[in-house]
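Spelled out from the first residue to the last, the chains are:
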Amino acid sequence: MIPVQFDYKTPATLDEAVALLASDLDGAKVLAGGHSLIPAMKLRLAQPQLLVDIARIKSLAYIREEGDQILIGATTTHYQLESSDRLKQICPLLPECAKSIGDVQVRNKGTIGGSIAHSDPAGDWPAAVLALNADLVLVGPNGERTVKAESFFVDLLTTDLQPGEILREVRIRKPSGRFGQAYQKVPHPASGFAVVGIAVNLELNDDGSCKSAGIAVTGVGVKAYRATGVEAALAGTSLDDNAIAAAVAHVCDGIDPNSDLYASGDYRCHLAQVHTRRGIQTAKARVQ
Amino acid sequence: MIGIGLSTYVEICALGPSQAMPAGGWESATVRIEPTGKVTVLTGASPHGQGQETSFAQIAADELGVNINDVTVIHGDTGVVQYGIGTFGSRATAVGGTAVYIAIQKLKEKAHKIATHMLQADASHVAFEGGKYSLEKAAAAAAATGTSDPVVPVGEAPAGALPEPQTEGKTSLTIQDIALAAHLAKELPPDTEPGLSATYFFEPKNFTFPFGTHIAVVEVDRDTGDIEFLRYIAVDDCGRVINPMLVDGQVHGGIVQSIGQAMFEEVVYDEQGQLVTGTLMDYALPRASHIPEFELDRTETPSPVNPLGVKGVGEAGTIGATPAIVNAIVDALAPFGVKHLDMPVKPENIWRIINGH
């Protein structure tokens with residue numbers, strides 16, 4: 001099908017974009033890479049009256065470091081994140097997650113901000129930013145506010161973004177000390193979306209025991225979530241096989257798993273356990 | 001958990017004798033050598049990726065001794081090409097290629113007659129080789145006088161009008177010379193139609209029977225039920241091979257389609273009759289990342305059914321591969337008493353079998 005008729009504007013600055021959204025709080029929608037929104041518009045699942053295209057606002061795409069923070073502009077593409085040598089050194093979960101998304105064409109256009117704001121139940125970025133305990137900077141008609149990732153993903157395709165707000169930056173504390181990261185993804189053979197996607201961010205004490213773990217899961221529930229049960233079970237352990245096995249048993253606690261033609265809920269939870277285990281083992285092996 | 005699956009097949013190809021076909025099993029070809037010496041092949045076969053534009057040009061080039069770039073193969077335009085039956089049932093080269101081949105033999109017969117006449121020799125003293133009709137050595141020595149015509153390299157257009165061909169004292173004539181002479185019609189043998197064009201409708205007396213063996217070696221992941229190919233080997237016999245790359249391509253494509261059928265593709269309706277696998281987001285086609293390296297080999301047992309010895313190879317890959325793959329997965333699960341699996345074999349099915357869920 002073709003989309004319902006719509007207007008299209010290309011603001012030159014973020015302030016202009018916010019003003020355009022404010023002019024039509026119900027009917028305006030932000031467009032960045034468009035690889036989730038435009039298919040939805042073609043199916044008429046989304047019928048915005050005004051598209052506000054922020055992809056051309058160059059100042060919104062960046063990867064910077066300030067102090068102990070990594071700052072990523074919302075319209076930074078998956079490709080830019082995948083190919084950042086600096087990130088491969090200081091926070092490799094980000095390029096590894098980016099590289100697993102879609103295909104080359106999708107990664108050239110899709111943005112980290114768009115993926116987070118869209119909050120697809122199988123989206124990869126939500127899992128990565130949850131595991132990294134990221135802060136999300138939102139800007140709207142009432143100014144700016146910062147929200148923790150774990151409060152941002154509310155429900156199926158629903159985030160804490162209020163009408164008129166735009167996600168403008170992702171902030172991640174630079175991993176420090178002895179850390180290891182991994183992104184494990186089981187791609188659906190047709191769509192390529194995560195049947196399960198597990199993001200792992202481990203920080204170790206000097207003696208090799210687990211100081212903290214960020215473990216986030218996508219593809220299993222209505223939204224990406226932190227597997228806090230797994231995280232708590234790992235903390236303080238030596239991350240030996242028994243500890244890991246006991247911990248990953250909690251990966252679906254409190255979650256009603258998705259079920260589809262390719263994978264039932266039971267199997268999905270089982271895959272989540274297997275891949276959480278493998279993700280933790282990989283992250284541990286990568287610790288310097 | 002490793003499994004080895006084997007499949008040996010014999011298939012029926014090169015459809016087929018008209019008695020056994022619903023609306024004709026022959027195939028048509030017209031081959032013309034134009035006054036310019038270029039060759040036009042009109043075929044009733046209708047390739048859509050199988051590559052007969054190349055392999056039929058190869059047949060013509062080999063048989064006529066012309067440059068392959070001087071051969072044009074035309075198909076599919078019903079305003080231009082005589083009626084044909086088409087491309088299916090692995091028949092285009094075995095039946096259509098044979099029609100081309102036999103039409104060319106008719107052309108060569110006529111060209112030989114014209115050459116013999118123009119060289120003023122006995123038919124038995126004129127031989128065709130390398131695109132030329134030449135007098136045997138003894139007769140050649142008697143005829144040589146040293147004149148020669150301007151030479152236009154094959155594949156190029158002449159810079160100006162050519163003088164009339166001189167055949168006094170010639171010891172050989174190219175097939176392009178013959179083609180031009182056939183159209184100028186000044187030196188044709190008595191009772192010879194001008195032009196150099198032949199049409200043939202080849203009626204095969206039988207089907208052909210290609211065969212082969214495929215072997216798949218897979219590893220099943222105990223934890224997830226994922227299936228990984230460790231090796232994939234195929235040895236097929238499609239008779240005489242005209243173009244090895246085209247044959248390999250057909251086998252590749254067939255194996256990939258089998259991987260799709262064995263492991264990914266299914267059409268599913270819900271209880272209300274709604275198509276659930278309605279788009280490529282749900283209907284999984286095999287992709288490059290799903291495909292193993294293939295180890296391919298061949299034997300060539302020429303078919304007695306047609307003068308080319310060709311059997312056909314369009315479907316061999318799909319026939320050999322699907323059972324080899326499923327057999328391999330069944331073999332990997334043999335410790336669990338598995339003797340059969342429905343397709344597509346999906347990781348969850350395998351996980352349930354292994355874990356008794």
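Residues numbered from 1 in each chain as written. Chains lettered and ligands numbered in written order. Predicted model: local features only at pLDDT ≥ 70, side-chain atom pairs only at ≥ 80, totals over all residues. Heavy atoms only, no water.

Asks: Give me the lowdown on the sheet that holds strand 2 (residues 27-33) of chain B, citing residues and values where you can.
Replies: All names here are of chain B. Read from one edge of the open sheet, 4 strands run 4-3-2-8, paired in mixed fashion. With partners counted over all chains shown, the strands left at the sheet margins are strand 4 (71-74) and strand 8 (197-202), one partner each. On average, each strand axis in the sheet is tilted by 15° relative to the strand beside it, whichever way the strands run. Contacting strand 2, strand 3 (39-43) and strand 4, helix 1 (residues 52-64) crosses the sheet at an angle of about 135° to strand 4. (Pairing = 2+ DSSP bridges. Helix = DSSP H or I, 4+ residues; strand = E, 2+ residues; numbered from the N terminus. Axes fitted to C-alpha atoms, helices over the stretch in contact; angles between N-to-C directions. Contact = heavy atoms within 4.5 Å.)

Asks: Kindly report on the domain arrangement of chain A, identifying the contributing residues and their values.
Replies: Residues and elements named next belong to chain A. Splitting chain A by domain gives domain 1 (7-53), domain 2 (58-173) and domain 3 (178-286). Each of domain 1 and domain 2 was reduced to a C-alpha centroid, and the two centroids are 18 Å apart. Contacts between domain 1 and domain 2 engage 10 residues on the former and 15 residues on the latter. Counting the surface domain 1 buries against domain 2, the share from its top three residues, Leu-14, Val-18 and His-35, is 46%. Our enumeration of links across domain 1 and domain 2 arrives at 0 salt bridges. (Domains from an automatic or database assignment. Buried area = accessible area lost by both parts, 1.4 Å probe. Salt bridge = Lys/Arg side-chain N within 4 Å of Asp/Glu carboxyl O.)

Asks: Give a detailed account of the pattern of salt bridges, specifying residues and quantitative values.
Replies: In total, this model carries 30 salt bridges over all chains according to the counting rule given. One salt bridge connects Glu-34 of chain B with Arg-32 of chain B, and the closest N-O pair in it is separated by 3.2 Å. The partly exposed category is assigned to Glu-34 of chain B, whose relative accessible area is 22%. A single network of salt bridges, built from pairs that share partners, joins Glu-144, Arg-168, Glu-169 and Arg-171 of chain A. (Buried < 20%, exposed > 50% of the residue type's maximum accessible area, 1.4 Å probe, protein only.)

Asks: So what's going on with the packing of helix 11 (residues 241-248) of chain A against helix 12 (residues 265-286) of chain A? Which residues, and what values?
Replies: All names here are of chain A. One can describe the packing of helix 11 onto helix 12 by two numbers: an axis separation of 9 Å at closest approach and a directional angle of 140°. As the angle between them shows, helix 11 and helix 12 are arranged oblique. Crossing hand, helix 11 versus helix 12: right-handed. Residues Asp-241, Ile-244 and Val-248 of helix 11 touch helix 12, and the partners they reach there are Gln-273, Thr-276, Arg-277, Ile-280 and Gln-281. Residues belonging to the contact of helix 11 with helix 12 are distributed by class as follows: 3 nonpolar, 3 polar and 2 charged. (Parallel < 35°, antiparallel > 145°, perpendicular 65-115°, else oblique. Left-handed = near helix turned anticlockwise from the far one by under 90°. Nonpolar A, V, L, I, M, F, W, Y, C, P; charged D, E, K, R; others polar.)

Asks: A description of the sheet that holds strand 4 (residues 63-66) of chain A should follow, citing residues and the corresponding values.
Replies: Residues and elements named next belong to chain A. With antiparallel pairing, the 5 strands of this open sheet are ordered in space as 4-5-10-6-7. What marks the edges here is a single partner per strand, and that holds for strand 4 and strand 7 (143-148). Going across the sheet, the axis of each strand differs from the next one's by a mean of 25°, ignoring polarity. As defined by bridge partners, strand 6 (residues 135-140) adjoins strand 7 across 6 bridges and the pair is classed as antiparallel. Directly across from Val-137, in strand 7, lies its bridge partner Thr-146. Helix 1 (residues 14-23) contacts strand 6 and strand 10 (166-173) of the sheet and is inclined by roughly 130° relative to strand 10.

Asks: So what about the environment of Pro-121 of chain A? Which residues, and what values?
Replies: All names here are of chain A. Position of Pro-121 among the secondary structure elements: in the loop between helix 7 (112-118) and helix 8 (124-131). For Pro-121, a relative accessible area of 19% puts it in the buried group. In this structure, the C-alpha to C-alpha distance between Pro-121 and Ala-194, residues 73 residues apart in sequence, is 8.9 Å. Aside from chain neighbours lying at most four places away, what touches Pro-121 is Leu-156, Leu-157, Thr-218, Gly-219, Gly-221, Val-222 and Lys-223.

Asks: Summarise the interface of chain B and chain A; cite the residues concerned and give the values.
Replies: Across the boundary between the two partners, chain B contributes 21 residues, which contact 17 residues of chain A. For the chain B and chain A pair, buried surface summed over both sides reaches about 1,400 Å², with 55% attributable to carbon and sulfur atoms. At the boundary of chain B and chain A, one finds 3 salt bridges. Here Arg-277 of chain A and Asp-223 of chain B are joined by a salt bridge, their closest N and O atoms 3.1 Å apart.

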